[in-house]
Amino acid sequence: MPLGKKARPTSAQGKIETQSTASILTETGPVHGAAGQSALRQTGHRRQSYEVHFALESELSEGRPVRSPNPEWLERELLKQRRHSLALGDTKLTTHQPSIVNPASTLAKFKIEQRVSLESLTKLKQAFEDFEKAGTRSLSLPQFRLIIKKCLGFRDINDAQIHELFMKIDYSGQGSIEWDEFCTYMQLEYTEKEELVVRSKQGAFLLPASLKPLSHGEPILGIHPISGGTIVTIREDGMVNYWSSTLQLRKSKSVFHERPIGRKPKWATDFVIMPQYNKLIIGTGDREIQLYELSSLEPYCQLNSLETVPLKLDYCYTGPDECTIVYGDAQGCVNIILMISVGETLRLWKKLPKVENVPSIGIDHAVLSPNLTYIRWKVHQDWVTQVKYFQSIPAVVSTSNHEASALVIGCILPSTNIETQLKEIKEVCRETKPKKASVGPGSPQQRATCDQTVFSIYKGVMAFDLCKTHNLLVTGGMDRLIRMWNPYVPGRPTGILKGHSAPIFYLHISTEDSRIFSVSTDNTVRIWDMQDQSCLFTAHPKASLLRGDLSACLYFSAVKGLYVATDSLALLYLKTKAEPQGSYIMSHKEAVLCCGYSAEFRQVVSCTEGSVIKVWDVDTGNQVFEYGGAHGLSAITCMTFDPKGRRLITGGRDGCLRIWNFNNGHCLKVLCREDGVAEICDCSYLQVHRNAFVMSVGWARRIDVYLDTPEDSRHVQRPQPSWQDDLRKGHKEDILCIDQCPPYLLATGSYDGEIIVWNLVSGHIQCRFLSPLPPHTDDTQIVDRSVLSLVFLRTRAVDSAFSSATSLISSGPQGHVNFWNILNGGKFCSSFQASRLEQQITKLAVTQDECLLLAADHVGYVCVYDIQQSALTFQQKPPKIVNFWRAHIGSITGLQIIENDQVLLTSSTDCTVRLWSIHGEFIGTFGQPERWSLHTASSWKHPAVPYEVLTDPLSMPSHCGLDEKMTLADVLSYVRNGDSRPESESFHMARYPVTSLSDREIQEEINSSSYPGPGKR
């Protein structure tokens, strides 16, 4: 059937195409062929299966290894449900039963806005206009649901998906949306996605370049790598230098024999390496090709009396003891030397008579050897600017500045096609003078038309590169343009890269990175994306410090750097992504400084030091959206949501608060002070009566209050006047944290350990505290008292029945947590060591029933304490530890309990955001390749723990014997006395005496102890 023609549903072929095959995984597995796609249109759940299959097909098209579209845990769950249904006598899959949650449904989520086509967008616009003509400019949710189902025509769209899209557009919660708001949302989302693609492909060099000054002399002709990361350079006067990969000079020697005074010195034209034979090939201006020992640079032999000067050289090892040497000359000819039994041939040449201290053989005598074949093609009408032999094609590619023959891809040997030979014979017979039967080694031949592909390029070609993997040829020349070609289609280029303001000198295709590196004669270096045909990075001479005339370039993939020879030898290192070690999975490229959860969309938002915001799906761990540059180049230090969970408020080191529609990256408002750019450390969104406010604290040492009203159309908003108590009696140091207790309490903590509780209605100070020093602390000892986290026990704070109980918890110095009573003027209740390693507590969280306290410390540990009966009175007994585990290897910067799902969200400076059960079971890291289903425990990583946590030294169990330190005197004493124990061990034995316990005491100890639960180290 012709491509694109559809079969009638009533025809035989149409009936075959609509047949479906039932299997256990039909509901969620891949369905192939037209039959499968027809079946998938029947139900919304089958459409989700098609989405999974589509992802698999996209992986196949991108060349990635094929993997199962369903995770193993999902197949196991489906098989369990299948066995359960069969046991009940049901012939249908239990995934159809509404009482059983389908674990595959969370994996096949899609967004409506991702499937809106131009045609459906036109229909939506018409529908909005129809409502407007009827007098309804803004559509409510039922009206929006109606037109979405009608205009898009997708049967698998459910009301929940439409409601989610409606909430994303109606971020202010007004209950209606307009056409302009719909278009703005769609446009900004796709714009941010395009910028995300560009950011993911970013490539740059570290500037300025690493420079190695060169002594005055002739310019460097070329740069080539050899084994061991060494690079070789040669100057026109024959000076060969060996450099390390970091431009440290290892060896230097002049290879040309000194000539008598009055005779013109020899000069080099180009060189190439023969690594298989440990040789260095140099072309000279005396029409010679000289071979030198690569290790000692001693002359080995030379091929002289060439027809013309070899300007450009290339070498290729073509087989066992076989090679090809190609050079282009000043007459536009491409000369090819095919050698077999290379080692034996070179040894024979080494025994020949010497000319200027080098064993020599003329080209006329060399071609008489059966081990050598010499071919000379007349290809260009100008001298050859570059020549390369590609064994993968196999063909020789040569270039010149002659427009008609700017680049030629030609064969090595003449064609053996019989029709071509007959055609040439006929042409010879028509001529008055017959051609000679044989052609000498110095006579160039013309290739047949079928033996070469000619590219005619304006102003010729100075540099080129060819990549067989991507089927791409790039050329550059005097016209300052980089042209991209299909090597088999010389008619017109597939793309043109513009940006250089000088002739192109060097081009290189990086196959592994899909990038093109280009250098122009004005020392400008650019990086291009091969797929998008866009410039990713430009290194101008002023930034790279490249000075002088450009003479040679080399991109060395082993060191990820570009070597450039001018007046100095320079190395431009390519910025590379930090590769995770082992199984280390990162959610971000930079340290994560805060995270939060939006219950409205069931999404996690994380913000980084690099000003990047990512949105994740909490049910699967998939990334939903990302946008960067949220606060320019400043880090995002804190975040919060509005009460409806539709808007995100972020604070940064630039001193600004920004309000976002985080689903499309739209910045709705900027809240900032007029004076300076003091860093914001924490922020909170609160409602007092009918008014909504955004509050921020930081290095300004003041509480900034911003009124949030939909009627205020100003994009940049200033804070309300400060409270009088804040101005006169407020904090004297930087305010680091803030917490609220509706309806009228607010607490702030500062760097000097001071805690102030405010009345939100009046703005007056209700009480203030100073964090106490830990027990047994010397007065002369400097202790960090900074309060990094505060949390209210809201039931106790507003209930007069708890007038003497703890109502505020704060982090204290050296891993302590302090309990405070804020009623009746405020009092200190108690304090206890919350960090197992005496590290500073960075985040605190309390469950909704205020029974459990979660404390996270500076080295990544999370400890859970039972505070239900703790600090009800002014007692000193610490709360009982319920659980502890190590969640990260860095400082924990985010800690939030998601009550409805009984899970814990954490983020850290180790660039990860993770999800845990409330009992410490590891669910997964956001950004990991494997997806999870939040309510399917078999999809979790538990009982595994994060790889880097498992291998980090601080995660190792502690032992008192290992913790003891032995001095040198102890060791010497132990060696001298033999069996006698060192003093430190004697002290240890005295400190930990051997005790005898009865069975009853052991049983009581077991019953009273709390042991680590699942997921702990």
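About the thresholds
- Residues numbered from 1 in each chain as written.
- Predicted model: local features only at pLDDT ≥ 70, side-chain atom pairs only at ≥ 80, totals over all residues.
- Heavy atoms only, no water.
- Helix = DSSP H or I, 4+ residues; strand = E, 2+ residues; numbered from the N terminus.
- Contact = heavy atoms within 4.5 Å.
- Areas by Shrake-Rupley, 256 points an atom, 1.4 Å probe, with all protein chains shown as cover.
- Core = buried A, V, L, I, M, F, W, Y, C linked by side-chain atoms within 4.5 Å.
- Buried < 20%, exposed > 50% of the residue type's maximum accessible area, 1.4 Å probe, protein only.
- Pairing = 2+ DSSP bridges.
- Phe/Tyr/Trp six-rings, centres within 6.5 Å; stacked < 30°, edge-to-face > 60°.
- Lys NZ or Arg CZ within 6 Å of the ring centre and 35° of its normal.
- Axes fitted to C-alpha atoms, helices over the stretch in contact; angles between N-to-C directions.
- Parallel < 35°, antiparallel > 145°, perpendicular 65-115°, else oblique.
- Left-handed = near helix turned anticlockwise from the far one by under 90°.
- Nonpolar A, V, L, I, M, F, W, Y, C, P; charged D, E, K, R; others polar.
- Salt bridge = Lys/Arg side-chain N within 4 Å of Asp/Glu carboxyl O.
- Polar contact = N/O pair within 3.5 Å; in protein donor to acceptor, adjacent residues only side chain to side chain.
- Arc of directions from axis to C-beta.
- pLDDT = per-residue confidence, 0-100.

## As for the overall build of the protein chain
Check the secondary structure of the protein chain and you find 19 helices and 59 strands. Long-range contacts, defined as pairs at least 24 residues apart, comprise 51% of the intrachain contacts of the protein chain with a sequence gap of at least 6. Carbon and sulfur atoms make up 53% of the accessible area of the protein chain, which totals about 49,500 Å².

## Observations concerning the nonpolar core
Ranked by internal contacts, the top residues of the largest apolar core, which has 25 residues, are Ile281, Leu303, Met339 and Trp349. Residues Val116, Ile147, Ile148 and Trp179 belong to the second largest nonpolar core, which totals 22 residues.

## Focus: the pairing of strand β34 (residues 613–617)
The element β34 is largely enclosed, with a buried count of five among its five residues. In this sheet, β34 lies alongside strand β33 (residues 603–608) in antiparallel orientation, the contact comprising five bridges. Note that in β34 the partner of Ser606 across the bridge is Lys614. Hairpin geometry of β33 and β34 is characterised by an intervening segment of four residues between the two adjacent antiparallel strands and by a positive phi of about 65° at Ser611. As defined by bridge partners, β34 adjoins strand β35 (residues 623–627) across four bridges and the pair is classed as antiparallel. Along β35, the bridge assignment pairs Lys614 with Glu626. Hairpin connection, β34 to β35: the antiparallel pair is bridged by five residues, and Gly621 has positive phi, about 85°.

## A few points about the packing of aromatic side chains
According to the stated counting rule, one finds 24 aromatic pairs in the structure shown. Ring centres of Phe128 and Phe182 lie 6.3 Å apart, and the angle between their planes is 35°; this geometry places the pair in the tilted category. Of the two residues, Phe128 sits in helix α5 (residues 118–133) while Phe182 sits in helix α8 (residues 179–200), which places them 54 residues apart along the sequence. When the ring of Phe926 is compared with that of Trp932, the centres are 5.2 Å apart and the planes differ by 70°; the resulting orientation is edge-to-face. Accessibility assignment for this pair places Phe926 and Trp932 in one class, buried. An aromatic cluster of three or more residues is present, and its members are Phe128, Phe144, Phe166, Trp179 and Phe182. Its end group placed over the ring of Tyr861, Arg836 keeps NZ or CZ at 5.7 Å from the ring centre.

## A word on unusual backbone geometry
Each neighbour pair has its own omega, and for Leu207 with Pro208 the value is 0°, a cis peptide bond. Topologically, Pro208 is positioned in the loop between α8 and β1 (210–213). Residue Pro742 is joined to Pro743 through a cis peptide bond whose omega torsion reads 10°. Along the chain, the position of Pro743 falls in the loop between β44 (735–741) and β45 (745–750). One non-glycine residue, Lys459, lies in positive phi territory at about 65°. Relative to the helices and strands, Lys459 resides in the loop between β20 (452–455) and β21 (463–467). If you check the backbone angles, Ser514 has positive phi at about 55° while not being a glycine. By the secondary structure assignment, Ser514 is in the loop between β25 (504–510) and β26 (515–520).

## So, the packing of α5 against helix α6 (residues 141–152)
A pair of packed helices is characterised by two quantities: the angle between their axes and the separation of those axes. Where α5 meets α6, the axes come as close as 9 Å, and the angle between the chain directions of the two elements is 140°. Of the possible angle classes, the one that applies to α5 and α6 is oblique. As for the relative orientation of α5 and α6, their crossing is right-handed in sense. Mapping the contact onto sequence places Ser120, Lys123, Leu124, Ala127, Phe128 and Phe131 in α5 and Gln143, Phe144, Ile147, Ile148, Cys151 and Leu152 in α6. Split by residue class, the contact of α5 with α6 holds nine nonpolar, two polar and one charged.

## Description of the sheet that holds strand β50 (residues 816–821)
Strand order across the open sheet formed by four strands is β48-β49-β50-β51, with antiparallel pairing between neighbours. In this open sheet, the two strands that pair with only one neighbour each are β48 (790–792) and β51 (827–833). Ignoring strand direction, the axes of neighbouring strands in this sheet form an average angle of 20°.

## Focus on the pattern of salt bridges
Counting across every chain of the model gives 34 salt bridges. With its nearest N and O atoms 3.7 Å apart, the salt bridge here joins Arg145 to Asp159. One end of the pair, Arg145, is in helix α6; the other, Asp159, is in helix α7 (residues 159–169), and 14 residues separate them in sequence. Classification of Arg145 as partly exposed rests on a relative accessible area of 23%. Here Asp910 ties to Arg914 by a salt bridge, and the two come within 4.0 Å at their closest N and O atoms. The two residues Asp910 and Arg914 agree in class, both being buried.

## Some thoughts on the side chain of Arg646
In this structure, Arg646 sits in the loop between β36 (636–641) and β37 (648–652). Of the polar contacts made by the side chain of Arg646, one reaches the backbone oxygen of Asp170; its length is 2.8 Å. The residues touching Arg646, leaving out its near neighbours within four places in the chain, are Met167, Asp170, Tyr171, Gly173, Glu600, Phe601, Trp660, Asn661 and Phe662.

## Focus: the sheet that holds strand β32 (residues 592–598)
Here four strands make up an open sheet; going across it, the order is β32-β33-β34-β35 and the pairing antiparallel. This sheet does not close on itself; its edge strands, each paired only once, are β32 and β35. When strand polarity is set aside, the average angle formed by the axes of neighbouring strands in this sheet is 15°. Here β32 runs beside β33; their pairing, made up of six bridges, is antiparallel. Looking at β33, one finds that Ser598 is bridged to Gln603.

## Brief notes about the packing of α6 against α7
Two elements in contact, α6 and α7, have axes whose closest approach is 10 Å; the angle formed by their N-to-C orientations is 120°. With respect to α7, the element α6 is oriented oblique. For α6 against α7, the interelement crossing comes out right-handed. On the side of α6, the interface is formed by Leu141, Phe144, Arg145, Ile148 and Lys149, while α7 contributes Asp159, Ile162, His163, Leu165, Phe166 and Ile169. The class makeup of the residues in the contact of α6 with α7 is seven nonpolar, one polar and three charged.

## Side note on helix α9 (residues 342–350)
Owing to its 3.6 residues per turn, the α-helix brings residues three or four apart onto one side. Of the residues making up α9, those classed as buried are Val342, Gly343, Thr345, Leu346 and Trp349. The buried residues of α9 all sit within an arc of 165° when viewed along its axis, so they share a single face.

## Describing the environment of Thr650
With respect to the secondary-structure elements, Thr650 resides in strand β37. The exposure class assigned to Thr650 is buried, which follows from its relative accessible area of 0%. Separated by 56 residues in the primary sequence, Thr650 and Cys594 place their C-alpha atoms 9.5 Å from one another. Thr650 has contacts with Cys607, Ile613, His631, Ile636, Cys638, Met639, Cys656, Leu657, Arg658 and Trp660, leaving out every residue within four places of it along the chain. Within polar-contact distance, the side chain of Thr650 engages the side chain of His631 at 2.8 Å. A polar contact of 2.9 Å, which involves the side chain of Thr650, links it to the side chain of Trp660.

## Some words on the side chain of Ser518
The residue Ser518 is located in strand β26 in this model. A polar contact is formed between the side chain of Ser518 and the side chain of Trp528, at a distance of 2.8 Å. If we skip the residues at most four places from it in the chain, Ser518 touches Ile482, His500, Tyr506, Leu507, Thr524, Val525, Arg526 and Trp528.

## Details of the confidence of the model for the protein chain
Of the residues in the protein chain, 77% reach a pLDDT of 70 or more, and the chain-wide mean stands at 80. Per-residue pLDDT stays below 50 along residues 1–68; that stretch engages in 73 contacts with residues further than four places along the chain or on separate chains. Across residues 1009–1017, confidence stays below pLDDT 50; counting only partners more than four residues off in sequence or on other chains, it has 27 contacts.

## What about the environment of Phe693?
Within the secondary structure, Phe693 is located in strand β41 (residues 691–698). What makes Phe693 buried here is its relative accessible area of 16%. Taking C-alpha positions, Phe693 is 4.7 Å from Leu707, a pair spaced 14 residues apart along the chain.

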